[in-house]
Amino acid sequence: MKLGVCYYPEHWPEERWAIDARMMRELQLDYVRVAEFAWSLMEPAAGEYDWGWLDRAIDTLAAEGLPVILCTPTATPPAWLTRSHPDILRMDSNRQYRDHGTRRHVCPNSPVYQKFSRQIVTAMAERYGDDPRIVGWQIDNEFGGGKTGRCYCPFCQTAFQTWLEIRYHSLEALNQAWGTAFWSQTYTAWDEITPPHDGINYKNPSHLLDFYRFSSDSLVSYQQEQIDLLRVKSPDRFITHNFMGLFLDVEQFDLARTLDFATWDAYPTGFPDRQRAMLYPLNWDAQRNRPVYAYDVGEPEIIQMANDLIRGLKQQPFWIMEQQCGHINWADVNPGVRPGTPRLWTWLSMAAGADTVVYFRWRATLLSHEQYHSGLLRHDGTPDVGFEDVKQLAEERDLLAKLTEKPPQPEVAMVFDYDSLWALTINPHRRDFSYLRLQFAFYHALQRLGIPVDLVSLKSDLTRYKLVLGGPLHIVNEQEAETLHHYVEMGGNLLLGIRSGFKNDSSVVTDQPLPGLLHNLTGATVTHWQSLPAEAALPLRSIWPKISGAAGYWTEFLQPASDRARVLVSYENGEAALVANPHGSGQTIYLGWYPTIEQAKGLLETLADQLSIERLANLPDGVLAAKRGNHTILLNFTDQPYEVVAAGQTVAVGPRDVKVVES
Ligand code: GAL
């Protein structure tokens, strides 16, 4: 288990660096991340490099025994580059170019940007690639951040056409796949196709989905160029990138594939502000009607879901590359953070599978965009809350190290499928239908039940899980259907949700009985469905006692297609709402309505009992549990003390405190 910090020597007078490095060593930090935005300082003019300041910064850190994670600075191209080649700038969907003065204002398909990126990465790798003080590389910074995941510029237009040509080989195939017979969209030459910009008022969902995939692939291949260069010029150093948790615009599994491990930037008070409305049920606050968490901890289920996704990207432990350690500057309220909270966040990250936590940032900056963002040190260079917490962590580091020897090993997986997410975002049928919100209902239920989960893709190894939550698998291709068949045949338990199997790979509706390619797995046909207004709900009759209430929001009506399929829940009129179908040595369960968190919990509790899935603890609201090896970690995010039963022991967990139970 290691700790580190993000440091910007270029923001401070050089006389200060030695003091900073000494304080970092005294704080027992293991790594320092530098340089991710320092392109204009490393290359002040095209092809002219100034390594002096970076050499001296690395020397200063090395003098205190602090190894460096070096970042490629390509998120911030210098003004000499953007002004001499303004066409490298990113174009938004309204066909407006972004301008210099920010970050990520570039297009990954611009040949000039690619060329200059290769040059700076090569120059850095040649200078520092085998420097023993450099332990690894971070590529760029948060691909897609600041709504930059998709660019609509002329380079992207050409690259999109080429991407389509490779995918479909012929225009006939593309026209067929996109259903261009509708509204006379037929294309007769590749260069007739544009990115789906705002000038097209109603967009074809197939066109949009392919553009989302293309945009994601563009960032993946832009990153790959840097990886390839670094692998040659800097062997034996790790290569990673800092992801953004529940980020929806880039296929993060693809982006992670050739990295050594994934890292992400965890801002627990920031994401709830931004993401809570996307995740919780629409009437959740009214239902809950009381604050659960302490005011300064954020919402741990949201952070934990992001942790579980980042761990799932490679099904292995990860790092936090930027860990919030005080208040931030970019959300709505940016609450102050009390002593104990940065420690709790560090523990949450480690419990969820982080092996290294790097704090953002060393010292609150006096400059520019992030003046109101805290660091471990205050603006005046004296210790802030985070510093004191990290200092106190010294006493716990042996325990943390022991804990991180073993990875988390959940028995349950949830499929996080970008194609289905994108297709349902593009075409939700009811405006507030959200893939993520539905998945979060199940995720939240699992957390409340104390059941750890990996978020995985359909390319991940599913066979290691007792239960796989397929979710709303709206887009399914033959290979994915085959993967799921194999999983169930070999004894797996697959829970599928509404709207599954509805469309093919090109986002065209299946002409087979629903759920399309998954039909013989479910052993039941979805005969019809209804999106329901808020006042309508269909009472349910359930054989499983833990499921009750009514089905609202979205309901599907199932008809068993074989004698073996068992109807476990039905609507009042007798039509089936939940069907379990044995298949091979396993089973598929199709849940035909949009469950409340309580109903999802009842269903998952029933399945956990039947499948002997371990529940880590009996958890009060606001307390989370995680497991690494034989250590169960209980984390209390409230201002109340609680007694929790875990691993056969009753444990008192204080307000905003952590307890570890060994079994
Ligand atoms: C991250 C970003 C950092 C910094 C931080 C502020 O998303 O990678 O550079 O801007 O946010 O919270």
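Right above here is the structure, for reference.
Residues numbered from 1 in each chain as written. Predicted model: local features only at pLDDT ≥ 70, side-chain atom pairs only at ≥ 80, totals over all residues. Heavy atoms only, no water.

(A) Examining the overall build of the chain more closely. When its secondary structure is counted, the chain shows 20 helices and 26 strands. The globule rule puts the C-alpha radius of gyration for 663 residues at 26 Å, and the 26 Å found for the chain is close to it. When its C-alpha atoms are laid out on the principal axes, the chain stretches across 80 × 70 × 40 Å. Sorting the 663 residues of the chain into buried and exposed places 61% on the buried side. Long-range pairs, those at least 24 residues apart, make up 73% of the contacts in the chain with a sequence separation of at least 6. As presented, the chain carries roughly 25,000 Å² of accessible surface, and 50% of it is formed by carbon and sulfur atoms. Within the chain, one finds 59 positive and 80 negative side-chain charges whose respective centroids are separated by 3 Å. (Helix = DSSP H or I, 4+ residues; strand = E, 2+ residues; numbered from the N terminus. Rg over C-alpha atoms; globule rule 2.2 N^0.38 Å. Buried < 20%, exposed > 50% of the residue type's maximum accessible area, 1.4 Å probe, protein only. Contact = heavy atoms within 4.5 Å. Areas by Shrake-Rupley, 256 points an atom, 1.4 Å probe, with all protein chains shown as cover. Lys, Arg positive; Asp, Glu negative; His and termini not counted. Charge placed at Lys NZ, Arg CZ, Asp CG, Glu CD.)

(B) Local environment of the packing of helix H12 (residues 300-314) against helix H17 (residues 435-449). The interhelical angle for the contact between H12 and H17, taken along N-to-C directions, is 100 degrees, at an axis separation of 10 Å. On the basis of the axis angle, H12 is roughly perpendicular to H17. Taken together, the residues of H17 that come into contact with H12 (itself represented by Glu301, Ile302, Gln304, Met305 and Asp308) are Leu436, Gln439, Phe440, Tyr443, His444, Gln447 and Arg448. The residue makeup of the contact of H12 with H17, split by class, is five nonpolar, four polar and three charged. (Axes fitted to C-alpha atoms, helices over the stretch in contact; angles between N-to-C directions. Parallel < 35°, antiparallel > 145°, perpendicular 65-115°, else oblique. Nonpolar A, V, L, I, M, F, W, Y, C, P; charged D, E, K, R; others polar.)

(C) Structural view of the sheet that holds strand S9 (residues 354-360). One open sheet accounts for nine strands, arranged S5-S4-S3-S2-S1-S9-S8-S7-S6; its pairing is parallel. Since the sheet does not close on itself, it has two edges, and those belong to strand S5 (238-240) and strand S6 (242-243), each with one partner. (Pairing = 2+ DSSP bridges.)

(D) Seen up close, the pairing of strand S11 (residues 453-456). With burial as the criterion, each face of S11 is covered, one bearing Val453 and Leu455 and the other bearing Asp454 and Val456. As paired elements, strand S10 (residues 412-415) and S11 share four bridges and run parallel to each other. Its bridge partner being in S11, Val415 is matched across the sheet by Val456.

(E) Here's a closer look at the pairing of strand S24 (residues 642-646). Examined bridge by bridge, strand S21 (residues 617-618) and S24 share two bridges and lie antiparallel to one another. In the strand pairing of S24, Asn618 is matched with Val645. As judged from the five bridges shared by S24 and strand S25 (residues 649-653), these two strands associate in the antiparallel manner. Of the residues in S25, the one forming a bridge with Tyr642 is Val653. Count of turn residues in the S24/S25 antiparallel hairpin: two residues, of which Ala647 carries a positive phi of about 50 degrees.

(F) Examining the site of the ligand more closely. Surveying the vicinity of the ligand reveals the residues Phe37, Arg103, Asn141, Glu142, Asp265, Tyr267, Glu322, Trp330, Phe360, Glu370 and His373. Glu142 places a polar side-chain atom, nitrogen or oxygen, 2.6 Å from an oxygen atom of the ligand. Interatomic distance of 2.7 Å between a side-chain N/O atom of His373 and an oxygen atom of the ligand. About the coverage of the ligand: the protein hides 95% of its 310 Å² of free accessible area. Looking at the shell around the ligand, its residues break down into four nonpolar, two polar and five charged. (Near = heavy atom within 4 Å. Polar contact = N/O pair within 3.5 Å; in protein donor to acceptor, adjacent residues only side chain to side chain.)

(G) Region of interest: the pattern of salt bridges. Within this structure, the stated rule accounts for 45 salt bridges. With a shortest N-O distance of 2.9 Å, Asp657 and Arg343 are connected by a salt bridge. Separated by 314 residues along the polypeptide, Asp657 in the loop between S25 and strand S26 (658-662) and Arg343 in helix H13 (residues 341-351) bring together distant segments of the chain. When the shortest N-O distance is used, the salt bridge between Asp639 and Arg656 registers 3.9 Å. Linking Asp639 in the loop between strand S23 (631-636) and S24 with Arg656 in the loop between S25 and S26, this pair joins segments that are 17 residues apart in sequence. Beyond isolated ion pairs, a larger network of salt bridges with shared partners links Arg167, Asp210, Arg213, Asp419 and Asp505. (Salt bridge = Lys/Arg side-chain N within 4 Å of Asp/Glu carboxyl O.)

(H) The sheet that holds strand S22 (residues 623-628), seen in detail. Read across the open sheet, the three strands follow the order S22-S23-S26; overall the sheet is antiparallel. Among the strands making up the open sheet, the edge pair consists of S22 and S26. The sheet shows a mean angle of 20 degrees between the axes of neighbouring strands, taken without regard to direction. Pairing of S23 with S26 involves five bridges; the strand directions are antiparallel. For Leu634, the partnering residue across the bridge sits in S26 and is Lys659. Packed onto the sheet, H13 meets S22, S23 and S26 and runs at close to 145 degrees relative to S23.

(I) Focus on helix H10 (residues 270-279). Listed in full, the buried residues belonging to H10 are Gly270, Phe271, Pro272, Gln275 and Leu279. Take H10 and look down its axis: the buried residues cluster within an arc of 120 degrees, on one side only. Along H10, the residues that are exposed and aim more than 90 degrees away from the buried face are Arg274 and Ala277. Looking at the buried positions of H10, the neighbouring elements they touch are strand S7 (263-266), H12, strand S8 (318-324) and H17. (Arc of directions from axis to C-beta.)

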